[in-house]
Each structure stands twice: as structure tokens, then as C-alpha cells.
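# Structure at a glance
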Amino acid sequence: MAQATFEEISASDFFYRNRDIAGLTNPSRAIFVAIREIVENSLDAAESQKITPDIYVRLSYEGEATKETQIYKLRVEDNGSGIQPRFIPSAFGQVLYGSKYKLKQTRGTFGLGGKMAVLYGQVTTHQAVYVTSSTGQEKIYSFKLMIDIQRNRPIILDRKVLINKDNWRGTIVEFTLEGDYLRAMPKILDYFKQTAMVNPYANLTFVDPKGRLYKFTRGTSTMPEPPTEILPHPYGVDVELLQRLIQITTFNNMSDFLKGHFHRVGEITAQKFLEFSQLSPTKNPKKLSHEEIVRLMQNLKKYKDFLPPDASCLSPLGEDLLRAGVMKELNPEYLVVHQRKPSTYAGHPFIVEMAIAYGGGVPKRGTFVIYRFANKIPLLYDEASDVSYRVISAMNWRRYKVAPDMPIAIVIHICSTKVPYKTVGKEFIADRPEVRREEANALREVARQLQHFLSRQEHVHMEKKRLGIFSKYLPKIAEFSATLAGEKRIPDIEKLLKSVQKYGSEES
Ligand SMILES: Nc1ncnc2c1ncn2[C@@H]1O[C@H](COP(=O)(O)OP(=O)(O)O)[C@@H](O)[C@H]1O
Ligand SMILES: [Mg+2]
């Protein structure tokens, strides 16, 4: 029998072999994912500095198409933070390397997205990626890079330094990749429209390979408050995290250790918790045995009196910006928005924001149009697997006098330090009971307000009909009665009509 052979592969090798995990399944999906990931990085880079984003995306044909494949060049320019030159090679040439492994809300999470797009470009076209960036200082740095997939390291093929005469700040990323734009086009355009909806303070420009220009202009320059980084919440910790904290801590007693490394733990909470878990406040955390660490973790989860995480690490849109975004992109006849209070699942804070738009520019599809967003990213695939789809389907719409064939769009935004995605491809939200409950409550609230609007509309409609009947027959009755009474003058019926009107004339 042959002997098994063992080998180790690098992170980039793993993702190279399993591109599907990140959503790079076929040429059409790949081109969509590549655009999305690079644009997301640009949005993150601008928002982190509270800069209103200006993002320019150019997709062009590169070389001749064969029967099966077409090569494209993707260029994305932003006015974001820029990247310091020493980080550029790894940020674009080393999988699982990034600046967003922190406890605050960002679009990127895994240190993966941008690199997966670059890696896909490299393996399908064997070309390098060009990254030009400046943080607004005197110099602009330009790199030509490839990824050493087996070692998961960047290869710097060229590096240029230019003088930054105009104080330019931002990043330009350019690379080639195989794709199928024509098939991906509807999704890509949807992506831009929806990104504009949930980032109403951004200017987005997209020029497609046929030279068509799509421009989404900002409707406001107000931006949500950027999130601040927080410490891990006690409910979210596991043994691994505890061990790491114990390793790096400079505190030599349990009380300071808890206060210094955990979110929402102050003097009194630390004291009460230590009493609860029968640990001495003066015990040195580095002296905890493995069993004690496991017990500590269990107690952290069990203890009921930790305050829930505060929401400063989140950056929701807020009702005003959500309203501005939906108005700008859908222009509905009626719109109601609602933001839920912060909530948590497994120690991760999250906020649900919801809107219902009715009539006007809302597309009529015969069913509700659902727009799903997570951390201001549109989710365009696998709608039926998303928790929000279940929440919407489970709702008793008849109670709210709403029928699915009405022109209704439902907008759902969840933001969290850890969005409960089911896959690395970031397409749909897992069915967590806490998330489901928040979404259901938000949906009920907006549905209730929509119901008010609809019944008011119905009343106005009925009233119009009633007045229509009056005004049709009253003149005849007046004329007839006048003749019958031998009167020459027909009475003025306007007054009469006004007196039966229930609503002000501006409403009818
Ligand atoms: N346009 C950009 N502007 C500034 N920094 C960027 C930009 N694109 C990428 N980066 C940096 O590169 C890192 C890696 O990006 P990426 O591979 O997409 O992973 P992630 O976004 O999940 O962190 C980011 O964390 C960020 O620090
Ligand atoms: Mg990213």
C-alpha cells in the first residue's frame, strides 16, 4: 500500500485552491466580486478618516477576446486615507494581512478580499498588480507587485517614488483579470446603485468596457460618526482569547486584568464578578491553571450582570442618512425608516436599520423588492438564504393590509463588529435568533407606519369617490328641485359639496 505523503500549504495557496470560498466561482461572478472588494476597501479608507468618498472605477477590455474568455483591466481610484509605503506590498500581496482585525465596524474583516481579487487576476492573466498611493505627504509611492502563492509573500517587481506636487491623497489599484462583464453587468450596476443608496455621501463613478458612464452623485455630505475601537466583551470571549490576553497582560491582579482588557468591566463589576466566580481579586492572572482559565471563560459567559456592549464601535447610517439614500436612489411616494437600539449576539454588538418605500420610483416586481445591506455593503446573492428573507416571509402582511404585489421595497441594514455572515463570500446573514428578533421588530414598526399611510390613502380614495358621486348627481337634483318648486334660480351647490367634504380640499 502506498504511503500517505504530507505537506503544508500557505494561506494564499489555500485560497488559490479554494477560490469559491471567497465567491470567485466563475468569470462573471469573479468580475463582480473583484470590483466589490476593491471599492469596499476604498470606501473603508475614506470613511475611516471621515472623508466624503470620491471613487472612480474603470473597467476596460484588455487584448482580444477568445471564444471562452475575455481579459479586463480594472482600475479603482479613491481619495481615501492612502497606505504607508511599508505596508503596501503585504496589503496587496499577502493573504490574511490587513488593518481591520479590530473590534470596530468595517467592511473588510478577513484581510482577504482585495488580495483574493488580485490573486484571481494573477492566476488568470499572469500579470502584476499596480498600486499607487499617498497619505497626502510629500511623496507618492508606486508598486508593481505579484503574489508568491506558495510562500504567501508579496514579490516587489518595481517601486517608484514621485514628488506629490498637488498634495494628492488616496490610492489607485490597477490589475487585469479574466471575466465576463456582459453577464455580470446587471449585478454590477445593481451593486453601484445599492452602494449609492446606503452610502449617500459618496460620489461613485463607473465607466464600463463599452465606455458607458454611470455616475452616482452624493446627495449629502453629512457622514455617520466613524466607529471607535472597543475591547472584547466578556460574553464573547473564549479560552484562546483569554490565554492570549494573559500572555500579553501587564496587570498582575485579576481585578485590573478584567478592567483593563474587557469592555464594560469597571471596578464594581470586576469585584462582583470575581466574587461570583470565587476568584481572589489579587490573584495574578499569569498564575491561573488551565482548568481555572476554562472555568473563568465559562463564568464570564454565565454571569448575568455585565452591561451590554455600547455601540460606539458601530457606525450605523442613522435614520436621516438612510432616508436620504433611499430617496436619492428610489424616489418613492412614501418612505418610513426606523433604527433599532443596539443589541448583541454572542457578545458582538449589532444594530438593525430598516426602511419601507412605497410607490413612486420603487420597481414593480409582483413581489417585495428586498435590499439587503451589511456594514453598508449591498448583499446581492442568495437572497432566499438570508435571515431577513425568512423574517419577511414569516410576517403576517395581511394584518398590515399589505399585499405582495404592491410596489414596495424593503431596505434592511445590519451593522456589527462581526456580521454573522454564513460564508467568506459575504452574501447572506445567518439565522441568529437575536438578529432575527431585531429584524422582525424593526419590520413590524415600519409595516405599522406603512399601514397607517395606506389606510389614510384608502380613506382619501373613498372620499374622492363619494364626492365624485355627490358632484355628479347634486347639480341634477338641484335643477330638478328648483323646477319642481317653481324657482327660477338654481341654488348654489358648491357650499353643499363643501359641507359634506370630510377632508380639507388640499387633501382630496
Ligand atoms: N484603497 C485603500 N486605501 C487604504 N488602504 C487600503 C486600500 N485597499 C486596501 N487597503 C489596506 O489593505 C488591507 C488589506 O485589504 P483586503 O485584502 O481587502 O483585506 P481587508 O479589507 O479585509 O482588511 C486593508 O486592511 C487596508 O489596510
Ligand atoms: Mg477589503
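Residues numbered from 1 in each chain as written. Chains lettered and ligands numbered in written order. Predicted model: local features only at pLDDT ≥ 70, side-chain atom pairs only at ≥ 80, totals over all residues. Heavy atoms only, no water.

### What about the overall build of the chain?
Going by this rule: Put simply, DSSP marks the helices as runs of H or I at least four residues long and the strands as runs of E at least two long, and each gets a number from the N terminus on. We call two residues in contact whenever any of their non-hydrogen atoms come within 4.5 Å of each other. Using a 1.4 Å probe, accessible areas were evaluated by the Shrake-Rupley method; residue-level cover was limited to the displayed protein chains. His is not counted, nor are the chain ends, whereas Lys and Arg count as positive and Asp and Glu as negative. Where a charge lies is defined by one atom per residue type, namely NZ (Lys), CZ (Arg), CG (Asp) and CD (Glu).
The helix and strand tally for the chain stands at 13 helices and 14 strands. Considering only C-alpha atoms, the chain reaches an extent of 115 × 70 × 65 Å along its principal axes. Contacts spanning at least 24 positions in sequence make up 73% of the contacts within the chain whose residues lie at least 6 apart. Within the structure as shown, the chain displays about 25,800 Å² of accessible surface, and the carbon and sulfur contribution to it stands at 51%. In the chain, 72 positive and 57 negative side-chain charges are present, and the distance between their average locations comes to 2 Å.

### So, the pairing of strand β12 (residues 369–374)
Working note: regular strand, side chains alternate between the two faces of the sheet. For clarity, the cut-off: Relative accessibility decides the category of a residue: with a 1.4 Å probe and only protein chains considered, values under 20% of the type maximum give buried, values over 50% give exposed, and everything between is partly exposed. Whether two strands pair comes down to DSSP finding at least two bridges between them.
Burial analysis of β12 places six of its six residues in the buried class, which makes it a mostly covered element. What you see with β12 is no split at all: Val369, Tyr371 and Phe373 on one side and Ile370, Arg372 and Ala374 on the other are buried throughout. Of the strand pairs in this sheet, β12 and strand β14 (residues 408–416) are connected by six bridges, and their pairing is parallel. Its bridge partner lying in β14, Val369 is registered against Ala409. As paired strands, β12 and strand β13 (residues 377–379) are joined by three bridges and run antiparallel to one another. Bridging across to β13, Phe373 finds its partner in Pro378. Turn length for the β12-β13 hairpin, with the two strands adjacent in sequence and antiparallel, is two residues, and the turn residue Asn375 shows positive phi of about 45 degrees.

### What to know about the site of ligand 1
Our working definition: For this description, a residue counts as near a given molecule or strand if any of its non-hydrogen atoms is within 4 Å of it. Counting of polar contacts relies on pairs of N or O atoms within 3.5 Å, with two restrictions inside protein: one atom must be capable of donating a hydrogen and the other of accepting it, and residues adjacent in sequence are counted only when both atoms are side-chain atoms.
The environment of ligand 1 is formed by 22 residues, the closest being Asn41, Ser99, Lys100, Gly111 and Gly114. Separating an oxygen atom of ligand 1 from a side-chain N or O atom of Lys100 is a distance of 2.8 Å. One of the backbone N or O atoms of Gly111 is found 2.8 Å from an oxygen atom in ligand 1. Contact with the protein chains hides 93% of the accessible area of ligand 1, taken as 540 Å² for the molecule alone. Looking at the shell around ligand 1, the elements with two or more residues in it are α2 (27–47), α3 (88–93) and α4 (113–125).

### Concerning the nonpolar core
Note the cut-off: Buried residues of nine kinds, namely Ala, Val, Leu, Ile, Met, Phe, Trp, Tyr and Cys, make up a nonpolar core once their side-chain atoms join them within 4.5 Å.
Core analysis: the biggest nonpolar cluster contains 49 residues, and Ile35, Val57, Leu74, Phe175, Ile188 and Phe192 have the highest contact counts within it. Residue contributions to this core peak at nine residues, all from α2. Ignoring anything within four residues of it in the chain, the contact list for Phe175 reads Ala34, Ile38, Tyr72, Lys73, Leu74, Ala117, Val118, Gly121, Ala128 and Val129. Within the second largest apolar cluster, 36 residues are counted, among which are Tyr334, Val336, Val391 and Val402.

### Comments concerning the side chain of Thr132
Tracing the sequence through the fold places Thr132 in strand β3 (residues 129–135). Assessed through its relative accessible area of 16%, Thr132 is described here as buried. Polar side-chain contacts of Thr132 include one of 3.1 Å to the side chain of Ser142. Apart from residues no more than four positions distant in its own chain, Thr132 is found in contact with Ile140, Tyr141, Ser142, Trp168, Gly170, Thr171 and Ile172.

### As for the environment of Gly318
Considering the arrangement of structural elements, one finds Gly318 in the loop between α9 (290–302) and α10 (319–330). In sequence terms Gly318 and Arg432 are 114 residues apart; their C-alpha atoms lie 23 Å from each other. With residues up to four places along the chain from it excluded, the contact list for Gly318 reads Gln339 and Glu353.

### Quick look at the sheet that holds strand β1 (residues 54–62)
Definition in use: Helix axes are fitted only over the stretch in contact, all axes being lines through C-alpha atoms; the angle between N-to-C directions runs from 0 to 180 degrees.
Pairing is mixed in the open sheet, where eight strands are placed in the order β5-β4-β3-β6-β2-β1-β7-β8. Here the strands that pair on one side only, and so sit at the sheet edges, are β5 (153–163) and β8 (213–216). Each neighbouring strand pair of the sheet contributes to a mean axis angle of 15 degrees, computed without reference to strand direction. Where strand β4 (residues 139–148) and β5 come together, 10 bridges link them in antiparallel fashion. Within β5, the residue paired with Lys139 across the bridge is Ile163. Relative to the sheet, α2 contacts β1, β2 (70–78), β6 (169–179) and β7 (203–207), its axis offset from that of β6 by approximately 175 degrees. Across the sheet, α4 lies against β2, β3, β4 and β6, angled at about 40 degrees from β6, the strand it touches most.

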